[in-house]
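Notes for the structure review
Spelled out from the first residue to the last, the chains are:
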Amino acid sequence: MRDISGSLARQACAVAAVCLVADAGLFLIDGPPLSLGWQAWVVLLGGIFANAALAGPSRYSGWVSAAHAVLLTAAPLLLFPYDHYLQATNAGVLIAGYRAGAWLSAKPALAALAAMLAGLFACIFIPADRGDRDWRLVLIEVGISGLLPWMVGRYTTARRAYIADLQRVEEQRQQHEAEAVRRAVAEERTTIARDLHDVISHHVSAIGVHAGAARLGLPEGEPAARRSLSAVESSSRAAMADLRRLLDLLHGKENGDAQRQPGLDNLDELLDNLRTAGLPVRLTSHGGPRELPGSVDVALYRIAQEALTNALRHGSGKTVEIDLAYRQTEVVLTITNEIGRARRNSAAESTKRGLAGIRQRVALFGGQAECGPLDDGRHWRVRVGFPLEAE
């Protein structure tokens with residue numbers, strides 16, 4: 001919250017200055033001449049000091065209102081027999097009454113009100129020629145000058161406290177709702193994680209186990225079948241690793257490694273799995289690694305994973321070329337592989353879904369993608385680029 005103590009102090013000084021100028025001006029213009037003696041100077045200076053005290057801390061509001069009450073009583077006594085304008089403080093009385101009602105607790109506020117009312121009654125009745133005033137007018141004048149400002153101060157404080165209570169209740173309600181949503185999300189994530197573990201992970205593990213058993217049981221001289229089963233094993237292990245990361249994320253583990261999605265730092269691990277599955281892969285990097293935004297880093301890894309999976313399924317088995325170029329304003333990933341003669345038609349058809357996913361992922365982060373066969377008809381290339389801030 002913005003600190004407004006300085007602004008409040010300046011406003012209090014401005015209010016005190018206005019009261020001081022107004023009351024001193026009225027006294028000098030319509031009050032007794034200063035040639036009357038030291039009594040007139042005492043009343044004038046007393047009003048100046050009492051009004052100046054209005055700029056002080058709020059905890060002294062009771063003493064300030066008492067000073068105004070004493071000045072109201074002392075003015076007619078000191079200026080007797082002069083009986084024209086006897087109040088050295090008029091505007092200051094209103095502000096003092098308001099501050100006493102607004103800033104003091106109940107008992108000090110009531111004591112300050114009583115002192116102010118007593119001072120106003122004394123200022124009205126002490127002069128000899130005011131004893132026959134209509135008591136109804138006296139009550140109205142005292143109510144306007146003393147009681148009304150005090151009541152406005154009490155109302156302002158009560159209203160401020162009421163608004164603060166409403167704000168506090170609303171903040172608590174929002175906190176409770178946010179906590180309820182957080183608990184519901186956590187429970188839903190736990191349910192999803194449990195279902196994924198119970199359904200998917202068991203089946204993926206079984207696929208890997210059976211593929212390994214089938215590969216070991218093959219007779220000699222079946223390289224294509226061995227390579228396919230090795231690819232199944234490798235893919236199942238990669239799927240299990242990604243699934244474990246997802247389960248850890250859904251469980252909300254605090255471990256940062258568990259929550260971090262795979263990026264280019266995990267590219268070597270992906271290539272090792274593919275080499276184990278029988279697909280030769282060569283990675284060439286240019287420009288030196290740069291720190292990438294997390295979303296771009298994950299997107300590049302997933303695009304490489306999708307393209308290499310297509311190469312494993314539909315490629316001729318020859319070396320897949322991966323080129324990763326870190327340029328001044330962009331990062332470009334290019335993957336080129338040869339398609340087997342017998343698989344060209346099926347490759348073009350079955351990779352449409354994967355290429356659509358690549359293009360969608362690239363467009364999401366403002367990049368560009370070029371996917372499709374090369375002019376020679378034997379090679380397939382995936383090239384994606386993401387813009388980067390210039391170093």
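Thresholds, definitions, all that
- Residues numbered from 1 in each chain as written.
- Predicted model: local features only at pLDDT ≥ 70, side-chain atom pairs only at ≥ 80, totals over all residues.
- Heavy atoms only, no water.
- UniProt positions renumbered as here; feature names shortened; annotations may be inferred.
- Helix = DSSP H or I, 4+ residues; strand = E, 2+ residues; numbered from the N terminus.
- Contact = heavy atoms within 4.5 Å.
- Polar contact = N/O pair within 3.5 Å; in protein donor to acceptor, adjacent residues only side chain to side chain.
- Salt bridge = Lys/Arg side-chain N within 4 Å of Asp/Glu carboxyl O.
- Buried < 20%, exposed > 50% of the residue type's maximum accessible area, 1.4 Å probe, protein only.
- Expected span 1.5 Å × (residues − 1).

As annotated in an unreviewed UniProt entry, the protein chain is histidine kinase from Amycolatopsis umgeniensis. The heading Catalytic activity (unreviewed entry) in the UniProt record of the protein chain holds the text "ATP + protein L-histidine = ADP + protein N-phospho-L-histidine."

A word on the environment of Phe365
With respect to the helices and strands, the residue Phe365 is situated in the loop between α12 (352–364) and β4 (368–373). Expressed as a C-alpha distance, the spacing of Phe365 and Ala299, which sit 66 residues apart in the sequence, is 8.6 Å. Those residues in contact with Phe365 that lie beyond four places of it in its chain are Ser295, Ala299, Phe386 and Pro387.

A look at the side chain of Glu338
The residue Glu338 is located in strand β3 (residues 330–338) in this model. Looking at Glu338, its side chain comes within polar contact range of the side chain of Arg378, at 3.5 Å. For Glu338, the residues in contact, after removing those within four places along its chain, are Gly315, Ser316, Lys318, Arg378 and His379.

A closer look at the pattern of salt bridges
Evaluation of the coordinates by the stated rule reveals ten salt bridges. Of the charged contacts, one joins Arg327 and Glu330 as a salt bridge, the two residues approaching to 3.0 Å between their closest N and O atoms. Judged by its relative accessible area of 45%, Arg327 falls in the partly exposed class. Given a relative accessible area of 26%, Glu330 falls into the partly exposed group. Note that Glu338 and Arg378 form a salt bridge whose closest N and O atoms lie 3.5 Å from each other. One end of the pair, Glu338, is in strand β3; the other, Arg378, is in the loop between β4 and β5 (379–387), with 40 residues separating them in the sequence. When its relative accessible area of 15% is taken as the criterion, Glu338 is described as buried. Residue classification places Arg378 among the partly exposed positions, given a relative accessible area of 34%. One continuous salt-bridge network, built from bridges that share partners, spans Glu170, Arg173 and Glu177.

Some thoughts on helix α3 (residues 61–78)
Given a rise of 1.5 Å per residue, 18 residues ought to cover 26 Å, and the 25 Å separating the end C-alpha atoms of α3 matches this to within 8%. Of all the residues in α3, the buried ones are Ser61, Val64, Ser65, His68, Ala69, Leu71, Leu72, Ala75 and Pro76. For α3, the secondary structure elements touched by its buried residues are α2 (38–52), α4 (91–103) and α5 (106–125).

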